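A closer look at the structure
One-letter residues, chain by chain:
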Amino acid sequence: MTTLTIARNTFGEAIRKKILLICLLVAMAMIAFAVSFASFTMREELTIIKSFGLGVIAIAGMFMAVILGINLIPQEMERKTIYTILSKPVRRYEFLLGKFFGALATILVSLAVMTVAFMLMVFFKNHYVVDFAMLKGIVMIFFQLLLLTAVALIFSVFTTPVVNFFMTSAVYIIGSLADVTESMSHGTDKNVLVRGFYMIVHYLTPQFANFFTQNPLIHGIVIKNEAVYYSWNILYAIVYSSILLIVAILVFERRDM
Amino acid sequence: MKLSTRITLAVLAVLLIPVVVGLQTRIDPMRKEFQPGHGVSSVVVKDMKNNPVVLPSQFVAGTLIGMQEVVAGLLWVRTDEFFHSGNYEAIVPMVRMITWLDPHQIDVYSVGAWHLDYNFVDSSQRADHRYFIPAVKFLEEGVKNNPDIPDLYFDLGFVHYFLKAQDFKTANYWMEKSTEHNPALYAYREIAHDYEKQGDIDACIAQWQKCIEIGRKGMEENPNDSLAKNHYQVSKRNLDELLVRRVQRADIGKRMKSVDFQVEFHKDGPRVFEVDGKINLPDSSRINLTLTDDNYKEPDLKTFSWQVPPDVTALWETGIHGISIQKGKFHRKYDLSKDIKQYPFKSGKYTLTMWFNPLTATPDIQDVTGWHGEAITDPRYLDTSTPGVRMVKKVIHLTQKDIL
């Protein structure tokens with residue numbers, strides 16, 4: 001119950017943040033801009049609109065997750081509100097989980113708004129046919145952002161927002177290069193130390209690339225065992241985020257305040 | 001938080017790590033099945049390592065967030081600018097990068113292969129034959145990545161094997177493959193033309209009948225279908241013409257005559273030479289010519305490389321690029337001194353081959369020669385090495401000194 005109250009407050013506060021609103025507005029404008037953008041290319045217009053739209057949603061969501069995640073704890077400490085809250089019968093883990101779920105709710109609502117704009121755009125360009133397949137891509141983006149928010153949260157427990165921004169971005173970039181890290185962790189032609197290093201990186205870094213399903217969705221290609229693939233990925237995001245939250249809770253519990 | 005709770009949580013976190021690793025192990029092979037870059041042959045990857053295309057940072061950012069299709073579209077626009085500015089060398093790495101980013105860009109495969117096969121020309125607009133195999137390989141990769149798209153099968157068959165290589169049997173294989181994926185109606189007609197070029201008239205008649213049936217069905221389903229109507233009419237007219245031709249050419253073998261093929265080679269200067277000769281055939285017949293290294297062998301599709309060998313010489317003038325006959329004579333001057341890169345002449349010996357093939361001749365010429373050259377004979381250069389076909393061919397062996 002306490003967690004829910006904190007989550008609600010975090011959501012209410014976050015949704016009024018100007019930077020997030022600007023981010024959302026820019027994303028919406030860019031989704032609309034995709035129409036004129038597509039006319040510059042020789043490729044099928046709809047392909048570009050879908051790819052650009054999903055890409056904009058992913059990048060806007062990423063910015064929101066990072067901005068929210070890196071400020072979750074430091075902002076409370078800066079304002080000293082954390083001391084007031086923790087002096088009440090609120091456990092530290094409840095506070096942390098409340099902040100996390102509040103941020104996640106903000107991301108979810110923002111994604112929903114962008115999705116409506118995007119789906120409308122595709123609907124009009126697709127001869128008034130709703131392309132429900134695109135929603136699978138949005139679901140994948142959401143779980144990617146769930147993982148990213150958890151990464152930002154764990155760093156926010158013990159670093160400043162600036163340092164956190166670079167650390168979270170670095171983890172995101174490494175995690176987006178799953179193909180590279182995976183191929184480097186295999187093959188007999190590579191040094192055993194190199195392979196070992198990349199194996200650790202590949203299996204222990206959150207693999208954001210798993211959630212990039214835009215290409216087959218846009219081209220109407222059916223992913224083999226699609227339901228299984230999506231289920232594994234959702235489970236992966238939940239389990240990985242759980243690990244990160246547990247570590248964040250443990251670190252936060254031990255922190256002097 | 002109690003110490004025991006903290007320990008329990010820590011143990012739980014550690015226990016969840018193998019779960020994450022296990023999930024990732026299962027996700028990896030499934031992700032690779034559909035992610036861009038998968039299905040690109042190892043030779044392409046190797047070639048990209050040797051000739052990397054550096055993506056500008058904004059494109060890298062685009063690919064990192066999964067906007068490969070947009071990046072590929074923008075690169076394609078840039079490639080088009082290279083086309084128009086004549087910067088042909090820059091196009092090949094671009095099309096490879098685009099199809100690596102997004103292996104479902106059909107027109108990039110199609111136009112890229114056409115570019116490789118047709119646009120690398122010398123100063124006299126002769127295409128570089130050495131790019132034929134890379135073009136085919138590139139399209140085969142497109143087919144592998146887009147197995148349900150008929151256009152790529154058809155392009156392979158018609159644009160490359162039929163028109164360029166005049167390998168009608170392989171062309172037929174690919175065009176027939178396109179019909180498994182509901183192609184445009186003209187694909188069925190080109191198959192009929194291909195059978196005629198192969199000299200298989202019975203199969204050609206059967207194919208025209210099939211075309212007529214497809215057209216008829218299309219018109220029944222939709223009487224306003226102008227494409228089906230046109231397909232039906234064209235097919236019917238072509239079948240009628242073919243049947244008339246078959247009757248007219250039935251006893252053409254009895255009208256056999258010597259074409260008296262003669263060829264001469266003259267060197268005018270280093271890398272400048274002329275070929276001329278005589279042949280007793282109607283105007284507009286064409287003599288094919290190839291001048292290659294003596295040991296020249298068409299690259300194997302299995303072992304080919306994107307790197308066109310710089311030391312190989314392969315001048316290739318066949319089909320519509322062949323030398324036209326006027327009043328029983330033919331002549332062409334070659335000045336290859338301006339194109340040393342394309343024709344390096346680094347080998348010690350060369351083979352100049354000149355031939356007339358009745359199978360590739362136009363119908364009016366075939367009215368004289370027959371489909372298979374039934375009416376052709378020659379005291380010196382009759383060549384019957386191709387089963388069922390009588391053509392005339394002269395092979396001249398040259399040394400480097402004869403050319404340089």
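Note that this is a predicted model, so its numbers are computed, not measured.

**Regarding the overall build of chain B**
Along chain B, the regular secondary structure elements total 14 helices and eleven strands. In terms of C-alpha radius of gyration, chain B reaches 27 Å, well past the compact-globule figure of 22 Å for 404 residues. With respect to the principal axes defined by its C-alpha atoms, chain B has extents near 110 × 65 × 35 Å. For chain B, with 404 residues in total, the buried portion stands at 36%. Considering only intrachain contacts with a sequence separation of at least 6, the fraction spanning at least 24 residues in chain B is 63%.

**Regarding the pairing of strand E2 (residues 262-269) of chain B**
All names here are of chain B. The pairing of E2 with strand E3 (residues 272-278) spans seven bridges and is classified as antiparallel. Counted as the bridge partner of Lys267 is Phe273 from E3. Linking two consecutive strands that pair antiparallel, namely E2 and E3, is a turn of two residues; a positive phi of about 65° is found at Arg271 within it.

**What about the domain arrangement of chain B?**
All names here are of chain B. What the domain assignment reports for chain B is domain 1 (37-180), domain 2 (184-248) and domain 3 (256-403). With 14 residues of domain 1 at the interface, the matching set in domain 3 holds 17 residues. Contributions of two or more residues to the side of domain 1 that touches domain 3 are made by helix H2 (42-50) and helix H7 (132-145). With four residues, H7 is the single largest residue contributor to the side of domain 1 that touches domain 3. Split by residue class, the side of domain 1 that touches domain 3 holds five nonpolar, three polar and six charged.

**A closer look at helix H5 (residues 91-101) of chain B**
Across the eleven residues that make up H5 of chain B, a large majority, nine, are buried. Every buried residue of H5 of chain B is accounted for by Ile91, Val92, Met94, Val95, Arg96, Met97, Ile98, Thr99 and Leu101 of chain B.

**A closer look at the interface of chain A and chain B**
With 45 residues of chain A in contact, the opposing surface of chain B contributes 38 residues. If you tally residues by element for the side of chain A that touches chain B, the top one is helix H11 (residues 226-254) of chain A, at 14 residues.

**Examining the nonpolar core**
One finds Ile57, Ala65, Ile141, Leu147 and Leu148 of chain A together with Ile98 of chain B to be the most contacted residues of the largest nonpolar core, which totals 119 residues. Shared between two domains, this core takes at least three residues from each, and those domains are domain 1 (37-180) and domain 2 (184-248) of chain B. If you look at the next biggest cluster of nonpolar residues, it comprises 24 residues, including Val259, Leu336, Leu352 and Val392 of chain B.

**Let's talk about the pairing of E3 of chain B**
The pairing of E3 of chain B with strand E7 (residues 329-335) of chain B spans seven bridges and is classified as antiparallel. For Gly277 of chain B, the partnering residue across the bridge sits in E7 of chain B and is Phe330 of chain B.

**Points about the environment of Leu185 of chain B**
Residues and elements named next belong to chain B. Mapped onto the fold, Leu185 is located in helix H10 (residues 185-198). For the pair formed by Leu185 and Cys211, sequence separation is 26 residues and the distance between their alpha carbons is 8.2 Å. Among all residues touching Leu185, those that are not within four sequence positions of it are Ile214, Leu227 and His231.

**Let's talk about the sheet that holds E2 of chain B**
By way of backbone hydrogen bonds, the strands of a sheet pair with one another, either parallel or antiparallel. All names here are of chain B. Pairing within the open sheet is antiparallel, and its three strands lie in the order E2-E3-E7. Only two strands of the sheet have a single neighbouring strand rather than two, namely E2 and E7. If you compare each strand with its neighbour and ignore which way they point, the axes differ by 15° on average.

**What to know about helix H8 (residues 150-165) of chain B**
Residue and element names in this part refer to chain B. For H8, the tally of buried residues reaches twelve of 16 residues, placing the bulk of the element in the interior. Along H8, the residues that are buried comprise Leu152, Tyr153, Phe154, Asp155, Leu156, Gly157, Phe158, His160, Tyr161, Phe162, Lys164 and Ala165. Looking at the buried side of H8, the elements it contacts are helix H6 (106-118), H7, helix H9 (168-178) and H10. Downstream of H8 by a residue or two, Gln166 has a phi angle that is positive, lying close to 55°.

Reading the values: the criteria
Residues numbered from 1 in each chain as written. Chains lettered and ligands numbered in written order. Predicted model: local features only at pLDDT ≥ 70, side-chain atom pairs only at ≥ 80, totals over all residues. Helix = DSSP H or I, 4+ residues; strand = E, 2+ residues; numbered from the N terminus. Rg over C-alpha atoms; globule rule 2.2 N^0.38 Å. Buried ≥ 20, exposed ≤ 12 C-beta atoms within 10 Å, placed from the backbone. Contact = placed C-beta atoms within 7 Å. Pairing = 2+ DSSP bridges. Domains from an automatic or database assignment. Nonpolar A, V, L, I, M, F, W, Y, C, P; charged D, E, K, R; others polar. Core = buried A, V, L, I, M, F, W, Y, C linked by C-beta atoms within 7 Å. Axes fitted to C-alpha atoms, helices over the stretch in contact; angles between N-to-C directions.

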